[in-house]
Every structure is written in C-alpha cells, then in structure tokens.
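The primary structure of each chain is shown beneath.
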Amino acid sequence: MEPLLLQSETFQEEGGAPGQAARSALGRPRLDPISMLVREAVQNAWDARVDRGRETRVVFSAMHEKFSAAEGQVLRDIVLSQRPDNHPLSRQLRTEFGRLILQDRGTVGLTGPAFVDRTPRPEDRFLNFCRMFGRTAQAVGGGTYGFGKGQYFLTSAAATIIVHTRSMESGRALERLIGVSLWNANPDGKETGRHWWGVQAAGRAPGKVGPAEGAAAARLAAAIGFRPFADRETGTSIMIVDPRFDAAASAGDVAARCIAESMAIWFWPRMLGGCDDRGTLAFEVSYNGRAVPVPNPVKHVPLRLYADALRNLRDHLRTGRSVVPPASVHEVRNSRAQRLGWVSIALAPTQPRERHQVARIENHQFRDQIGDDGRGATHHVAMIRAPGQVIYYERCRVYPEETLEYAGLFVAADAADVEDAFAQSEPPSHDDWSTDDMPDERQRQIVRVALREVETIANAFADAGRPDLGMLEQDPLGAVSAELGELISAPGTGARRVPRGGGGGGGGGRAPSGLAVTGPGRLQSFEGSVVLAVPFEVGGDVTVIARPRVLLAGGGAESDAPRGGEIPSVVGWRRSGGAVIRTGALNLGPSDGGDWEALIGVPGDVVVGVTLELS
C-alpha cells in the first residue's frame, strides 16, 4: 500500500478563515462534549437514512477500542505518514493511542462529488462533511449550520479523523477513504489549519488530493480497523484518532457507557419510532470488543415515563380518542389557530434509578432526573423537533406529592413554517430554543407562544396534585405502595370535612361528630384486586359517604368512566383490625366512632381521588 499524500489548505490572497475559528464555531454549548458528539453523529446518520417510511431502520454503532500493533503501524506509516508542522499528530502518534469508530448503516453514505466545483447541495454529503464548514438549512433533517462536525476534531487529541464511506454513484457502489484534520493556523506559514490525506486527484493540479477509492480504499480501511461493508451495503464510518474525554469519563469503559446512555437520553423518541412512526434508530456500543448495554427507553427509569407520554400521543393522533387520565394530551395553537405542536404528559410513581455514568459529568443536563446517588425526580418536558431528537429538557414545576413524578414531551408540528421557526431558534450546537437573536417577528412569535404554552400546560398538570382548599378543608392523600407497580393513589386530594348540621370547614381539631383523614392513602391488594385504603378518624352517630372519582390533569375530576375504562367505586369500610363492611355508606352508632379506612376500588392505571363527607 502506497502512503497517502497530505494536502494542507493555505490562505488565499483574499484571506480566509483559520482552523481555530471553525473549531470554536459551536461557542459555549451547555451540553457536555460526549452529548455534543453523539447528537451530531447520530443526527447526521438519521438525515442520511436510505428510506423515509415506516420500515426505515438505521443502525448506529460506537466502538471504543485500541489499535492492534499492526493497525497502529499502518495508520502511522501509510495513512498519516506525512504530518503538518506544529500539529498534535506528531506527538500523539509516538505514544499508545486508541480510536472511537462511529458507524452508521441503513444510510446512503457520503454521496456526491469529492471537490467543490459548484455550490454544494444538501445531497452532496461528502462535500458538506469533508470540505465545508457552515451551510444553509437542510431540506429535510435536523442539521442547519454545519458547524457541529467540529466536535469530532475537538474529541480527538490528534485533531484528526479518518472517514470511510460507501455510496451509490451513478448506479454503482463507490467506496472512499480520506483523512481530515482541523487544527489551528500555522503561525510560521500560510496554512489555515485544515488538512486532508488522500491520493492525487485525477485531472487536478499536483498536490490536490481526493479520497482513495474502490478496492484500495477497502484494503486500507480494513488494515486500520474499520469494519467492511456487506455486499451493496452503504453507510459511513468515522474514526476519531486518539479520543480524549472529560476527566470524569476517561477511566476504563466509562466513556463508552456515557456514550450509550447519551444515545438513549437524546434519541429515545426515534428509538421508539418517533411521533410520526416513520422509522427507528437502533444503537450498538462496545468497548474493546465487549458489548456495552444501551438503555431501553421502555424499561429504563425515567425514560419509560417519557415513552408512556409518547405512546399516548401517538395513540391520540392515530385514533382521535382522549387519553385515560391522569395522562393528558394537548394541542398547542397560537391566536391565529395555527398548530404549533402537541404536549403529552404522563404520571407515575417515583422509581429508584440505576447508577448512571453520565452523572459523573459535572452539570450534565439530565443529572437532576437521575441523581448521582441512584435517586432523582422527573418534572420535565422533553422538547423535540420533528426528526426525533430531544433538543433539551425543560424543567417545570415539581409535583407536590413526592412519591409521584411526571414526564412530558413537546413535539413541534412538522409544517414547513413551524419547523423552520424552531430550526432558526437553535444555536449552532442545537441544544436550545431561544428567540433572542431571531430577526423574523413571525417566527419569533411561533417559538415564543409554543414555549409559553408548554410551561402553562406542564405547571397546570403539576398543580392538579395540590390540595384545592377553597372554602372547605382537605387533607392530602397520595402515598404510593411501591410493590404495586404503576397503580397509584390520589395525589393532592383528601377528605372534605363537613361538620354536622352544615356550616364551614373546621380548623385543625376534630369535633366529636367530625371527620379527619389521619394518614396517606395507600394501595393494597384486596381479594385479587387493588384498592386505595384511606384512613380517617370519625365520631359516632354519623353516616360517612365516600365520593370517588378519576382525577384529570389540570385539577379537574371525571365522574363518568374514561373511555374504555371503569369508574372507581366504594368496595367497603374497615375498622382498625376488623373485618370489611361491604356497604356504600358507613352508618355508625353512638359508640362506633374511632379509626376507620375507606376502601376504594382502583380501575387500572388511573389516579383516583376521593372526598369523604358526613351526612
């Protein structure tokens, strides 16, 4: 194998941009470097998917591993034998180094020409990735600026990547390999800091290098550790030479586990088919050949709660039916009745978290949902644009019952003007929606109204769990029996105490004939069913009536059965240590006062509220 040639870009007489300008184009993103790398690489892969229907499946792999002695020698002596002056490659390749290969399959590869002979188009993926920095918005997809690729070079201690791709060009498969580096401008010369390793391009001036192609590219790729393409398979593999991570993620397989967790944290919607149910992403991660598990959003805490919210939204959009409370789905429109998107929120018992490696990363955006000690609480809305990537997680009002948590998602409508407004509100790092620098007032209004409505809806959902005192006093219920899984008791409801003979609510004490809830409602198993047991204390010679209902998000109640469901009902009453009395109302004699429980049947995964009254 002949050594590849080095081409270093030089400043033209008219000037140009130094490499450090492109390296710093992302500014100061609020995300950690691993999240930035994963988001950029995966979004590029999804934008390049082969099909765009329901059966679309893109497989994205991350392989963090060491070079073998033979592979390292080929990299040093053949691929990167020529090295720029004042460049970290000369130092890094003298020591032991590793690689991170980010690979996608089920994609079209880096299509298009290898040189810029005309204005690049969105489908000219080779140019847009290997040659260009900064571009206009994609016709379809999540990318808008073209600066995110700088994260590949920031991750490499050698500021260098090797690109191996296969695409269909004019009806035939074309395999290509090229080395690319983005470093600082050389202070001792005219070099900008951009470099390429390849072969002399046919028909170009001497020194102009293009990618190695065909069988030569395949042999060279295999010799440095790339996985070969299957017959007629297309896609792209990017090797980051000598990857370096934050100190907290640099030991052992921690970085690989952070990568796996980041895949699920930012792309769980597309792992589940997205809101449009038009294709899925599958992830694979390995460390030195050993598989690293990627969290399953359907089972992972707290992503499973977001998955519930996504399922509810998809069911609603497909059937038009209302969701079963306490879950909620809201369409978001502006004053012109223009649809801006949807908000879906789900509620569940707070579950213990597994240990997450990303919790090691200081100020990680997901940290307050997972904790750094296996605990955490979710009261967030995932802000999602149509391609199916979470842009960021918006913190909302905490649910008042600490045994419950909620997760929501906002999905921007895929109408062209709405999609473009949200795209323009994102910084180059794609990690926020902000109207501060948007020049178009109409676009600014679209984003501003949507963000305001998301906050209003989420906070109203949280407020549904707060006691509505009004003119009558309530005592809070809502503790959860962890053994009973997803079935939950009523948050923020309680017994309404009505003194005998009418009148207003009492104070903190209890009249001899009064009623007071004495503890949290708890779910229990009773004769093969689940009941909510509400403890209360009551005086004698009264009748106690229980009025159960299904609670709705936003604080309302539903006395009729949810569509396809049942209404909660009174199963019976039980004195402390006694048998269950099966009756609708509890009639007590003068000596029957004391500690009692109301047993309310819980019909499925709903939140049940109950009001206790004296008659």
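The present account deals with the structure reproduced in this document. Residue positions are given per chain, counting from 1 as you read along its sequence in written order. Where local features are concerned, this predicted model is filtered to residues with pLDDT of at least 70; where side-chain atom pairs are given and counted, the filter is 80 or more; whole-chain, interface and lining totals use all residues. To obtain the side-chain values, all non-hydrogen atoms of the structure were used and water was disregarded.

**Regarding the overall build of the protein**
In plain terms, the rule: Labels follow the DSSP assignment, with helices taken as runs of H or I lasting at least four residues and strands as runs of E lasting at least two, numbered in each case from the N terminus. Relative accessibility thresholds used throughout: buried, under 20% of the residue-type maximum; exposed, over 50%; partly exposed, between the two (1.4 Å probe, protein chains only). Any two residues whose heavy atoms approach within 4.5 Å are treated as being in contact. Computed by Shrake-Rupley with a 1.4 Å probe, the accessible areas treat only the displayed protein chains as cover when residues are assessed.
Broken down by element type, the protein carries twelve helices and 26 strands. Scored against the burial criterion, the 615 residues of the protein give a buried share of 54%. Long-range pairs, those at least 24 residues apart, make up 71% of the contacts in the protein between residues at least 6 apart in sequence. Approximately 26,200 Å² of the protein is accessible, and the part contributed by carbon and sulfur atoms is 48%.

**Some points on the side chain of Arg194**
The following threshold applies: Pairing of N or O atoms within 3.5 Å defines a polar contact, subject to two protein rules: one partner must be a possible hydrogen donor and the other a possible acceptor, and residues neighboring in sequence count only if both atoms are side-chain atoms.
Secondary-structure assignment places Arg194 in strand 6 (residues 191-200). Since its relative accessible area comes to 16%, Arg194 is described here as buried. Here the side chain of Arg194 touches Arg131 through a polar contact of 2.5 Å, landing on its backbone oxygen. Among residues more than four places away in sequence, those in contact with Arg194 are Gln7, Ser8, Glu9, Arg131, Met132, Phe133, Ser181 and Leu182.

**Brief notes about the pattern of salt bridges**
Put simply, the rule reads: Here a salt bridge means any side-chain nitrogen of Lys or Arg lying within 4 Å of a carboxyl oxygen belonging to Asp or Glu.
Overall, the coordinates contain 29 salt bridges when judged by the stated rule. Between Asp463 and Arg397 there is a salt bridge, and its shortest N-O distance comes to 2.7 Å. A residue pair is termed long-range when its members are at least 10 positions apart, and Asp463 in helix 12 (residues 441-463) and Arg397 in the loop between strand 15 (389-395) and strand 16 (404-412) qualify at 66 residues. For Asp463, a relative accessible area of 31% puts it in the partly exposed group. The partly exposed category is assigned to Arg397, whose relative accessible area is 35%. Here the salt bridges share partners, and the residues they tie into one network are Glu65, Glu71, Arg99 and Arg227.

**A closer look at the pairing of strand 6**
The cut-off we apply is this: Strand pairing is defined by DSSP finding a minimum of two bridges between the two strands.
The buried fraction of strand 6 amounts to seven of the ten residues, a majority that puts the element mostly inside the structure. As defined by bridge partners, strand 1 (residues 5-10) adjoins strand 6 across five bridges and the pair is classed as antiparallel. Residue pairing across strands places Thr10 opposite Glu191, the latter belonging to strand 6. One ladder, built from four bridges, connects strand 5 (residues 172-182) with strand 6; its direction is antiparallel. Along strand 6, the bridge assignment pairs Val180 with Trp196.

**As for the packing of aromatic side chains**
We apply this condition: What counts as a ring pair is set by centres within 6.5 Å for rings of Phe, Tyr and Trp (its six-membered ring), and what kind of pair is set by the plane angle: stacked under 30 degrees, edge-to-face over 60, tilted for all other angles. Whether a charge sits over a ring depends on NZ of Lys or CZ of Arg being within 6 Å of the ring centre and within 35 degrees of the ring normal.
For the structure on display, the rule yields 16 aromatic pairs. Where Phe422 meets Trp433, the ring centres are 4.5 Å apart and the plane angle is 55 degrees; that geometry is what we call tilted. Separated by eleven residues along the polypeptide, Phe422 in helix 11 (residues 416-424) and Trp433 in the loop between helix 11 and helix 12 bring together distant segments of the chain. Classification of Phe422 as buried rests on a relative accessible area of 0%. Judged by its relative accessible area of 4%, Trp433 falls in the buried class. Feature note: the residues Trp266, Trp268, Tyr306, Phe366 and Tyr393 constitute an aromatic cluster, connected by ring pairs. Here the basic side chain of Arg39 rests over the ring of Trp266, its NZ or CZ set 4.7 Å away from the ring centre. Over the ring of Trp196 we find Arg131; its NZ or CZ atom is 5.1 Å from the centre of that ring.

**Digging into the packing of helix 8 (residues 254-271) against helix 9 (residues 303-319)**
Put simply, the rule reads: To get an axis, fit a line to the C-alpha atoms, keeping to the stretch in contact for a helix; angles then go from 0 to 180 degrees between the N-to-C directions. For classification purposes, an angle smaller than 35 degrees is called roughly parallel, one larger than 145 roughly antiparallel, one from 65 to 115 roughly perpendicular, and anything else oblique. Here a crossing is taken to be left-handed if its near helix is turned anticlockwise relative to the far helix by less than a right angle, and right-handed if that turn runs clockwise. Here the term charged refers only to Asp, Glu, Lys and Arg, the term nonpolar to Ala, Val, Leu, Ile, Met, Phe, Trp, Tyr, Cys and Pro, and the term polar to all other amino acids, Gly among them.
The N-to-C vectors of helix 8 and helix 9 enclose an angle of 15 degrees; their axes lie 10 Å apart at closest approach. Between helix 8 and helix 9, the angle is such that the two are roughly parallel. Crossing handedness for the pair helix 8 and helix 9: right-handed. Along its contact with helix 8, which presents Ala264, Ile265, Trp268 and Pro269, the element helix 9 presents Leu303, Tyr306, Ala307 and Leu310. Taken together, the residues of the contact of helix 8 with helix 9 break down into eight nonpolar, no polar and no charged.

**Things to note about the sheet that holds strand 12 (residues 328-333)**
Two modes of strand pairing occur in sheets, parallel and antiparallel, and in both the strands are linked by backbone hydrogen bonds. Strand order in the open sheet formed by five strands is 12-13-16-14-15, and the pairing between neighbours is mixed. Edge strands, defined here as strands with exactly one partner in the open sheet, are strand 12 and strand 15. Across this sheet, the average inter-strand angle for adjacent strands is 20 degrees, counted without regard to direction. Examined bridge by bridge, strand 14 (residues 379-385) and strand 15 share six bridges and lie antiparallel to one another. Bridging from a neighbouring strand, Arg385 pairs with Gln389 of strand 15. Contacts from helix 9 reach strand 12, strand 13 (339-349), strand 14, strand 15 and strand 16, with the element oriented near 130 degrees to strand 13.

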